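Structural description and commentary
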Amino acid sequence: MSIHVPEPYGSRVQDARAGHGDPQARSIPTHVTLLPPTEADPALLPAVRQHLRAVAAVQRPFRMLLQGSGTFRPVSPVVYIRVEEGAQECRVLEAEVRSGPLARELAFPYHPHVTVAHGLSDRALDAAYEKTRGFRAVFDVAEFVLSRFGADGVWRPWESFRFGSG
């Protein structure tokens, strides 16, 4: 579950990831995660989709500002773009999505962000951090997306859940 970053920003981030040598650059749409990859029993899919529709139905669109760089190092080799505006709305959405049939524990506390480099050398992560410092994107968020992981290793949007749709 994620909030997808619209164009032209999404492609700019993917291009930056690829330029830093991130092998996942083209297999993951640019996004803010709401629920990390989670295996679900196919028999539970109707309940999951109903849950996600109910979560979206009570949400209102909000503005998101992505700006500047951050990192999870030394805990995790990740450089990201900060969510400067819309972070609280993301936290609310994450808590609602990660309940009911999708309830699970997380390995790390939730921190909304957009990954720009992951699992690369320190030198590449340092370069990504510096190059991302000037990044800025502003857009409205009116939905979140359920994606599926394909046999080819690519994440693809599967279903969107518009806010206020209930």
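Right, let's walk through the structure included here. All values reported here derive from a predicted model rather than from experimental measurement.

Thresholds, definitions, all that
Residues numbered from 1 in each chain as written. Predicted model: local features only at pLDDT ≥ 70, side-chain atom pairs only at ≥ 80, totals over all residues. Heavy atoms only, no water. Helix = DSSP H or I, 4+ residues; strand = E, 2+ residues; numbered from the N terminus. Buried < 20%, exposed > 50% of the residue type's maximum accessible area, 1.4 Å probe, protein only. Arc of directions from axis to C-beta. Contact = heavy atoms within 4.5 Å. Phe/Tyr/Trp six-rings, centres within 6.5 Å; stacked < 30°, edge-to-face > 60°. Salt bridge = Lys/Arg side-chain N within 4 Å of Asp/Glu carboxyl O.

Regarding unusual backbone geometry
Across residues other than glycine, the phi torsion is negative in most instances, and most of the peptide bonds are trans. Geometrically, the link from E7 to P8 is a cis peptide bond, its omega value of 5° lying close to zero. In this structure, P8 sits in the loop between strand 1 (2-4) and helix 1 (9-19). That bond from R73 to P74 is cis: its omega, 5°, falls within 30 degrees of zero. Among the secondary structure elements, P74 is positioned in the loop between strand 3 (62-71) and strand 4 (78-85).

Some points on helix 3 (residues 87-97)
Along helix 3, the positions that sit buried rather than exposed are A87, C90, L93, E94 and V97. Down the axis of helix 3, the buried side of the element spans an arc of 120°, and every buried residue falls inside it. For helix 3, the secondary structure elements touched by its buried residues are strand 1, strand 2 (31-33), helix 2 (45-57), strand 3, strand 4 and strand 7 (143-149).

A few points about the packing of aromatic side chains
A full pass over the atoms with the stated rule returns 6 aromatic pairs. Judged by centre distance (6.2 Å) and plane angle (15°), the ring pair of F62 and F163 falls under stacked. Separated by 101 residues along the polypeptide, F62 in strand 3 and F163 in the segment after strand 8 (155-162) bring together distant segments of the chain. A residue is classified by how much of its surface remains accessible, and F62, at 7% relative accessible area, is buried. Chaining the aromatic ring pairs together yields one cluster made of F62, F144, F161 and F163.

Here we look at the pattern of salt bridges
All told, the structure shown has 11 salt bridges when counted by the stated rule. Among the ionic pairs, D126 bridges to R73, the shortest N-O distance being 2.6 Å. Of the two residues, D126 is situated in helix 4 (residues 122-132) and R73 in the loop between strand 3 and strand 4; the sequence distance between them amounts to 53 residues. In this structure R73 comes out as partly exposed when scored by relative accessible area, which is 25%. Here E130 makes a salt bridge to R133, at a shortest N to O gap of 3.2 Å. Under the relative-accessibility criterion, E130 is labelled partly exposed at 47%.

Purely spatial values, then, with no claim about function.
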